[in-house]
Amino acid sequence: MGALIRVENVSRRYGEVEAVKRLSFEVAGGEIVGLLGPNGAGKTTALRMMATLLKPDEGRIVINGHDTLEEPRAVRAELGYQTGDTGLYGRLTPVEFLRYFARLNETPRERIEERIGQLVAEFDMDEFVGRRCSELSTGQKQRVSIARALLNDPPVVILDEPTVGLDIVSSAFVLDSLRRGRDAGRGILFSTHILSEVELVCDRVVIMHKGEHRFSGSLEEMRSTTGMQSLSKAFLCLIGELAAS
């Protein structure tokens, strides 16, 4: 499949600080790409620019054929975006929460209940779907949050550390949902600090450090480039924290 995300020489500054520097990479349909980098690498800034929440100072981002600066509404219609600071409304049940956002997304009324039913089944939410969001566990809240990102059945999904704070079972469920999205042809980009997750689900990785692109490729290419079989050592090598063997 062709590229569903194209990031072309993108930069973003905060005052004198250049958070993202001439970043370029692509994500195709039917693949999962992990965005890696230490804290402060510029990952979240990059993701927010793709989601139209921030504007790049330079460069261009195209989501499924739509430029984020020229067609932000069209981009948002093609994109499912979830981040750790996306809160739930505690007084609403998951169904009420999803219904609210479906209406904000201008989902046709005749389609809303059908789509919510699909997501409740896909994310196995039957046992807690009638409880208020404030009463849900962290893992249950994350399922609702990711379901919200998928309400419009988007071809592109961007997730910012979707398993942070989750136990092993909940993390496995989230990763399995990413695999299902890939199998459905979605282009999926997610940031994480957990390299074991990368080994489990990622087809390729993009590594950032100090706002700059350091590497794009498969895990085998990552190991071959550095001469390191350990993924953590290969990562450290690519950000300049460990000498290549």
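Residues numbered from 1 in each chain as written. Predicted model: local features only at pLDDT ≥ 70, side-chain atom pairs only at ≥ 80, totals over all residues. Heavy atoms only, no water.

Asks: Residue-level account of the nonpolar core, with values.
Replies: Grouped together as the largest cluster of nonpolar side chains are 46 residues, with contacts concentrated most on F123, M125, V198, V205, I207 and M222. The biggest single contributor to this core is helix α3 (residues 94-104), with five residues. Beyond its immediate sequence surroundings of up to four residues, V198 is in contact with L36, T192, V205, L219 and L231. (Core = buried A, V, L, I, M, F, W, Y, C linked by side-chain atoms within 4.5 Å. Buried < 20%, exposed > 50% of the residue type's maximum accessible area, 1.4 Å probe, protein only. Helix = DSSP H or I, 4+ residues; strand = E, 2+ residues; numbered from the N terminus. Contact = heavy atoms within 4.5 Å.)

Asks: Outline the pairing of strand β3 (residues 31-36), supporting the account with residue identities and numerical values.
Replies: The buried count for β3 comes to six of six residues, which makes it a mostly enclosed element. Of the two faces of β3, both are covered, the one formed by E31, V33 and L35 as well as the one formed by I32, G34 and L36. Pairing analysis gives five bridges linking β3 to strand β8 (residues 187-191), with the strands arranged parallel. For V33, the partnering residue across the bridge sits in β8 and is L189. The pairing of β3 with strand β9 (residues 204-209) spans four bridges and is classified as parallel. Paired with L35 across the strands is V206, a residue of β9. (Pairing = 2+ DSSP bridges.)

Asks: Break down the layout of surface pockets for me, with residues and values.
Replies: Its boundaries defined by the atoms lining it, the largest pocket holds a volume of some 600 Å³. Lining the largest pocket are 21 residues, with R76, A77, L79, N105 and N152 sitting closest to its centre. At the level of secondary structure, the elements contributing two or more residues to the lining of the largest pocket comprise α2 (72-78), β6 (79-82), α3, α4 (109-122) and α5 (138-149). Each residue belonging to the lining of the largest pocket can be placed in one class, and the counts come to nine nonpolar, five polar and seven charged. (1 Å grid on protein atoms, 1.4 Å probe; cavity = no way out; pocket = protein on both sides within 12 Å on 5 of 7 lines; lining within 4 Å. Points joined across faces, edges and corners; volume = space filled by probe spheres on them. Nonpolar A, V, L, I, M, F, W, Y, C, P; charged D, E, K, R; others polar.)

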